[in-house]
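Geometric and topological summary
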Amino acid sequence: MTQTVLPTVELGTGGPLVGVQGLGCMGMSEFYGPTDTGEALATLDAALEAGVTLFDTADMYGSGRNEELIGPFVRANRDKVVLATKFSIMRDAENGALRGISNDPAYIRTAVDASLRRLGVDVIDLYYMHRRDPAVPLADSVGAMAELVRAGKVRHLGLSEVTGAELREAHAVHPITALQSEWSVFARDVERSAVPAAVELGVAFVPYSPLGRGFLTGAFQDANELSAEDYRRTHPRFTGDNATANGELLDPLRKIAAARGVTLAQVALAWVHQRAEVHGLAVVPIPGTRKRSRLAENAAAATLRLTAEELALMEPVAGRVAGNRYPDMSATSEARE
Ligand SMILES: NC(=O)c1ccc[n+]([C@@H]2O[C@H](COP(=O)([O-])OP(=O)(O)OC[C@H]3O[C@@H](n4cnc5c(N)ncnc54)[C@H](OP(=O)(O)O)[C@@H]3O)[C@@H](O)[C@H]2O)c1
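First, a word on scope: everything that follows refers to the structure included in this document. (Residues numbered from 1 in each chain as written. Predicted model: local features only at pLDDT ≥ 70, side-chain atom pairs only at ≥ 80, totals over all residues. Heavy atoms only, no water.)

Some words on the packing of helix H4 (residues 138-150) against helix H5 (residues 164-173)
This is how the line gets drawn: Geometry is summarised by axes, namely lines fitted to C-alpha atoms with helices restricted to the contacting stretch, and by angles between N-to-C directions that run from 0 to 180 degrees. Going along the chain from the N terminus, every DSSP run of H or I of four or more residues is numbered as a helix, and every run of E of two or more is numbered as a strand. Put simply, angles under 35 degrees are roughly parallel, angles over 145 are roughly antiparallel, angles from 65 to 115 are roughly perpendicular, and the rest are oblique. Take the far helix as your reference; a near helix turned counterclockwise from it by less than a right angle gives a left-handed crossing, and one turned clockwise gives a right-handed crossing. Should any heavy atoms of two residues lie within 4.5 Å, those residues are counted as being in contact. When residues are grouped by polarity, Ala, Val, Leu, Ile, Met, Phe, Trp, Tyr, Cys and Pro land in nonpolar, Asp, Glu, Lys and Arg in charged, and all others, Gly among them, in polar.
The N-to-C vectors of H4 and H5 enclose an angle of 45°; their axes lie 9 Å apart at closest approach. Accordingly, the angle class assigned to the pair H4 and H5 is oblique. Relative to H5, the crossing made by H4 is right-handed. For the pair formed by H4 and H5, the contact residues are Leu138, Ala139, Val142 and Gly143 on the first element and Glu166, Glu169, Ala170 and Val173 on the second. Looking at the contact of H4 with H5, its residues break down into 5 nonpolar, 1 polar and 2 charged.

What follows is the structure, given as structure tokens:
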């Protein structure tokens, strides 16, 4: 496949210029089956070559191992890489079990130092609150994040899985550069309040899981096909009758892919870019992959143009998806809308 070098876009008002597609690094350490460090490192290099500049990690991915994995790559390419990481989902140091969510200012100050240490850098380009803890006033948490900007530890602020109202409230405390939430052909709840608020405030949108955690690519039809440790085995959309019903929803994507000579993954990614355009929103999806072989394919999707008829075929899909986005929806923006 011919290599496409990605066009660039400003990541939110006053934000850095980045390739219009980023790279999700999460699966390189955990969650989506076996990992291969050598291939992961080669994938980071290949992504940069393809024009990807926004690299996405979080302190909880692999309980810190994902930040450690990408650290040397980031340091070797510090002037080109826009480094995004996140705090708030706490894990047990011994066994990695989830311990809850913290938005506490004192916790944020500790978390940023730990991330900087694991990454081996002086400054994080984009620091996200990964999940909202409604027990802590948002102004206190964003105030603590703003202090990190003033201290030179962080350049820009981001939020993940917040509602439109929360985004407005946070933005009034300190400019928010990017909102990262799930957005795909299969997950469109963000279009209710978060997307309109982002448009209004000039906040960029970073859609995570734009490939529906791989399901939209047709790579698997049912969670039973996945390896024993794969997190998706517990996912409501990929198990039992839901998986069968949701598999049928891919028919329009299959039809478009066959007619255009492209892959399902490319149709799914092109949909996200064009859906954001309809809203008038700067968007930088972060498809996740552990493999070099996916990069050219995914990069080419950023410039694939779907027709109005093709987009119309996919319009009803999200409304028909069976099952929730998470086994436990309590920490999502949907739960607080
Ligand atoms: N803020 C949050 O709460 C949150 C939540 C989830 C994820 N994220 C971030 O968003 C990133 C992306 O989301 P995600 O990884 O959950 O889901 P995704 O990007 O929708 O899908 C990733 C899956 O698709 C597969 N894949 C990628 N390109 C493919 C292609 N061209 N053809 C076939 N399969 C392909 C990957 O497998 P291979 O590795 O085998 O290619 C992986 O299993 C993550 O890496 C993470 O950085 C953030």
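With respect to the environment of Glu297
The topology assignment puts Glu297 in helix H10 (residues 295-301). Each C-alpha atom, one on Glu297 and one on Ala265, is 8.1 Å from the other, the two residues being 32 residues apart in sequence.

Brief notes about helix H1 (residues 37-49)
Short version of the rule: Expected span, for any helix, means 1.5 Å times one less than how many residues it has. Partly exposed residues are those whose accessible area sits between 20% and 50% of the maximum for their type, while under 20% is buried and over 50% is exposed, using a 1.4 Å probe and protein chains only. For this analysis, a polar contact is any N or O atom pair within 3.5 Å, provided that within protein one partner can donate a hydrogen and the other can accept it, and provided that sequence-adjacent residues contribute only side-chain to side-chain pairs.
With 13 residues, H1 should reach 18 Å at 1.5 Å per residue; the first-to-last C-alpha distance of 19 Å fits that figure. For H1, the set of buried residues is Ala40, Thr43, Leu44, Ala46, Ala47 and Leu48. Buried-residue contacts for H1 involve strand S3 (23-24), strand S4 (54-56), helix H2 (65-76) and H10. Capping of H1 at its N-terminal end is provided by Asp36; its side-chain oxygen lies 3.1 Å from the backbone amide nitrogen of Gly38. Positive phi shows up at Gly51, right after H1, with a value of about 100°.

With respect to the sheet that holds strand S10 (residues 178-182)
Using the following cut-off: One requirement defines pairing of two strands: DSSP has to find at least two bridges between them.
As summarised here, the arrangement of the 7 strands in space is S3-S4-S5-S8-S9-S10-S11, forming an open sheet in which the pairing is parallel. The open sheet terminates on both sides in strands that have one partner only, identified here as S3 and strand S11 (204-208). The pairing of strand S5 (residues 82-87) with strand S8 (residues 124-129) spans 4 bridges and is classified as parallel. Looking across to S8, one finds that Lys86 is bridged to Tyr128. On the sheet, helix H3 (residues 105-119) packs against S5, S8 and strand S9 (154-160) and is oriented at approximately 140° with respect to S8.

With respect to the layout of surface pockets
Quick reminder of the rule: Buried and open spaces are told apart on a 1 Å grid over the protein atoms alone, a cavity being a set of points where a 1.4 Å probe fits but cannot get out and a pocket being an open set with protein on both sides within 12 Å along at least five of seven lines. Residues with an atom within 4 Å of a point are the lining residues. Grid points are joined across faces, edges and corners, and a volume is the space filled by probe spheres set on the points.
Of the voids in this model, the second largest pocket is the one considered here, and its volume is about 300 Å³. If you trace the second largest pocket, you find 15 residues lining it, with Asp59, Arg91, Tyr107, Ala114 and Arg118 closest to the centre. When residues of the lining of the second largest pocket are traced back to their parent elements, those giving at least two are strand S6 (89-91) and H3. Among the elements that make up the lining of the second largest pocket, the one with the highest residue count is H3 (5 residues). Within the lining of the second largest pocket, the residues separate by chemical class into 7 nonpolar, 3 polar and 5 charged.

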